[in-house]
Amino acid sequence: MGAGELRKSVGLTGVVMFGAGTAIGVSIFSVLQPAAQVAGSGMLIAIALSAVPMVLFATVYAWLASALPVSGASYEWPRRFLSPFVGFAIAWMRILSNVGAMVVLAQVLTNYLGMAVAIPAKPVMALAITAVFALNFFGVHVAAQAQSLLMAVLIAVLALFVIAGVPHVSATVMGSPFDAGTGAILAGIPLMISLFLGIESAVEIGEEVRDPKRTIPLGILLAILLTAIVYAAVAATALGLVGPAALARSTAPLLEAARVPLGRWALPIIVGAATVSILKTMNATALTFSRSLFAMGRAGALPAVLAAVHPRFGTPHRAILVCYAFALAGLFLPNSLVFLLLAVNIPTMLKYLACSLCAIRLARGGGPIAQGAGLRFKPRTVIAVGWAAVVCAIGIIIVGIEADGRPYLLVLGWFAVGAIFYLVRARRGAGRAAA
């Protein structure tokens, strides 16, 4: 490994675990409650509908990663194939969504731990954030190994929940998924899509993956399959055990459902699983968050010090420390999960939209990068999937307004701050060049 280069130390298992491990985490322990409030049993339909755009987004990401694997991909692709400002804007908005994700994760962690023992919420949230950023500081291979171990524990516990719960499932308790109505089901999609967010997260460490043009697309496919199976089984079981009303009232909905088949064992099992799951997702989120700032620093969109690589650990340590500071600042955001989930999802949909446009432009150009893609899709296939993904992203952003309009104002304000920063930095750069 040369000086300043990221270390290639992640294989196929790591890619699958970062993707599925990011998706199968906080959402399964948190989103059931706000989704039940919004859509009732219609959340089952919302889950199925939300999987459709995620398959499109994942296809776009897999193709792009097979053509140009690069760390900080969600910044680098729009910067190279759309414009430097679009790349900056997407990455800047991702700062807000990553902070929101870390806060959601930490908040849900304290909710579940609080079921077992009295804890001070904010200090424990800060401690959890500190732990995962420290883990990432010392090496991506360490983070990948921890991700795989935590994921195995989580899958085992969720399998136990489903196997023990199925005999107790009642269709009457579950209710009809159509009772909530079309509007409620559609409003639930922006929440339920958070179940799948992160499937593509391995593209953000493209330069740290072995044989990335093959490994990343295959890893994304396996992560989608694993995630879909787990969520379909867990959500249906939880609804059939306690019903949508009970899930909507509970701050720990999966624990509420698990008490039916597991009795007194539900508390230690589900709290333990929630802790493992949430720390795992925080670990993956911290990793992709820092690579985005690293890529921006390397490209000059943010101060170049963020592009520094630790000489021993091979990690972008300064970018990690800055992301850690942002995450701690996020502890001052509102506590509403609906607010926080939308604050995460809106910038994420904008990211998916921009990268889909990148795939369309790259496929139309037919240059050496597109021709060298590991996935041998025909250009018209990439273009069709890309446009379908664009339409899905716009639709999801629009229907989310019905759930809570405040996050849209937050995202708009954060974008305005970023645009001012970009213009001032660009003007200073032009002034130095002229001098």
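See the structure printed just above.
In this text the structure is predicted, and so the values were computed from the model without any measurement.

Calculation criteria
Residues numbered from 1 in each chain as written. Predicted model: local features only at pLDDT ≥ 70, side-chain atom pairs only at ≥ 80, totals over all residues. Heavy atoms only, no water. Helix = DSSP H or I, 4+ residues; strand = E, 2+ residues; numbered from the N terminus. Rg over C-alpha atoms; globule rule 2.2 N^0.38 Å. Buried < 20%, exposed > 50% of the residue type's maximum accessible area, 1.4 Å probe, protein only. Contact = heavy atoms within 4.5 Å. Areas by Shrake-Rupley, 256 points an atom, 1.4 Å probe, with all protein chains shown as cover. Lys, Arg positive; Asp, Glu negative; His and termini not counted. Charge placed at Lys NZ, Arg CZ, Asp CG, Glu CD. Axes fitted to C-alpha atoms, helices over the stretch in contact; angles between N-to-C directions. Parallel < 35°, antiparallel > 145°, perpendicular 65-115°, else oblique. Nonpolar A, V, L, I, M, F, W, Y, C, P; charged D, E, K, R; others polar. Salt bridge = Lys/Arg side-chain N within 4 Å of Asp/Glu carboxyl O. Patch = residues over 30% accessible without salt bridge, like charges linked within 9 Å, V, L, I, M, F, W, Y side chains within 5 Å. Disulfide = S-S within 2.5 Å. Expected span 1.5 Å × (residues − 1).

Colleague: What should I look at first to understand the overall build of the chain in this one?
Modeller: From N to C terminus, the chain includes 18 helices and 0 strands. Taken over the C-alpha trace, the chain has a radius of gyration of 21 Å; the compact-globule value for 435 residues is 22 Å, and the two agree within 12%. The principal-axis extent of the C-alpha atoms belonging to the chain is close to 70 × 45 × 40 Å. For the chain, with 435 residues in total, the buried portion stands at 57%. Looking at the chain alone, contacts between residues at least 24 apart form 85% of all its contacts between residues at least 6 apart. Counting every atom, the chain has about 16300 Å² of accessible surface; 70% of that belongs to carbon and sulfur. Computed over 28 positive and 11 negative side-chain charges, the inter-centroid distance for the chain is 7 Å.

Colleague: Looking at this structure, how should I read the packing of helix α7 (residues 121-137) against helix α14 (residues 317-329)?
Modeller: The relative placement of two packed helices is expressed as an angle between their axes plus a distance between the axes. Taken N-terminus to C-terminus, the directions of α7 and α14 make an angle of 170°; their axes are 10 Å apart at the nearest point. Compared by their axis directions, α7 and α14 come out roughly antiparallel. In this structure, α7 contributes A126, I129, T130, F133, N136 and F137 to the contact, and α14 contributes H317, I320, L321, C323, Y324, A327 and L328. Class assignment of the residues belonging to the contact of α7 with α14 gives a composition of 10 nonpolar, 3 polar and no charged.

Colleague: Even after reading the chapter, I still don't get helix α12 (residues 253-262), so can you show me in this structure?
Modeller: Helical periodicity: at 3.6 residues per turn, an α-helix aligns residues three or four positions apart in one direction. Burial of α12 is extensive: 7 of the 10 residues sit out of reach of the surface. Buried within α12 we find P253, L254, L255, A257, A258, P261 and L262. Of the residues trailing α12, G263 is marked for its positive phi of about 60°.

Colleague: Teacher, can you tell me more about the pattern of salt bridges here?
Modeller: Charged atoms that come close allow side chains of opposite charge to pair. Here the structure, examined in full by the defined rule, presents 2 salt bridges. Put simply, R79 and E76 hold a salt bridge, and the shortest N to O gap is 2.9 Å. Placement of the pair is R79 and E76 together in helix α5 (residues 73-81), with a separation of 3 residues, close to one helical turn. Given a relative accessible area of 26%, R79 falls into the partly exposed group. Among the salt bridges present, the one from E76 reaches R80, with a minimum N-O distance of 3.3 Å. Of this pair, E76 and R80 are both found in helix α5, 4 residues apart, which corresponds to roughly one turn of the helix.

Colleague: Sorry if this is basic, but what is going on with a nonpolar patch on the surface here?
Modeller: A cluster of nonpolar side chains, L12, L221, L222 and L225, forms an exposed patch at the surface whose accessible area comes to about 320 Å². Sorting elements by how many residues they give to the nonpolar patch places helix α11 (residues 212-249) first, with 3 residues. Take L222: it is sitting in helix α11. Using a relative accessible area of 35% as the deciding quantity, one classes L222 as partly exposed.

Colleague: Got a minute to help me understand the state of the cysteines in this structure?
Modeller: Covalent bonding between the sulfur atoms of two cysteines is what defines a disulfide. Within this structure, the stated rule accounts for 0 disulfides. In this model C323 remains outside any disulfide bridge; the closest cysteine sulfur is found in C355, 17 Å from its own. Between C392, a cysteine without a disulfide, and C355, which holds the nearest cysteine sulfur, the sulfur-to-sulfur distance is 15 Å.

Colleague: How should I be thinking about α7 in this particular structure?
Modeller: Taking 1.5 Å of rise per residue, the 17 residues of α7 would be expected to cover 24 Å, and the 25 Å separating its terminal C-alpha atoms lies within 8% of that figure. All of the buried residues along α7 are V124, M125, A128, I129, V132, F133, N136 and F137.

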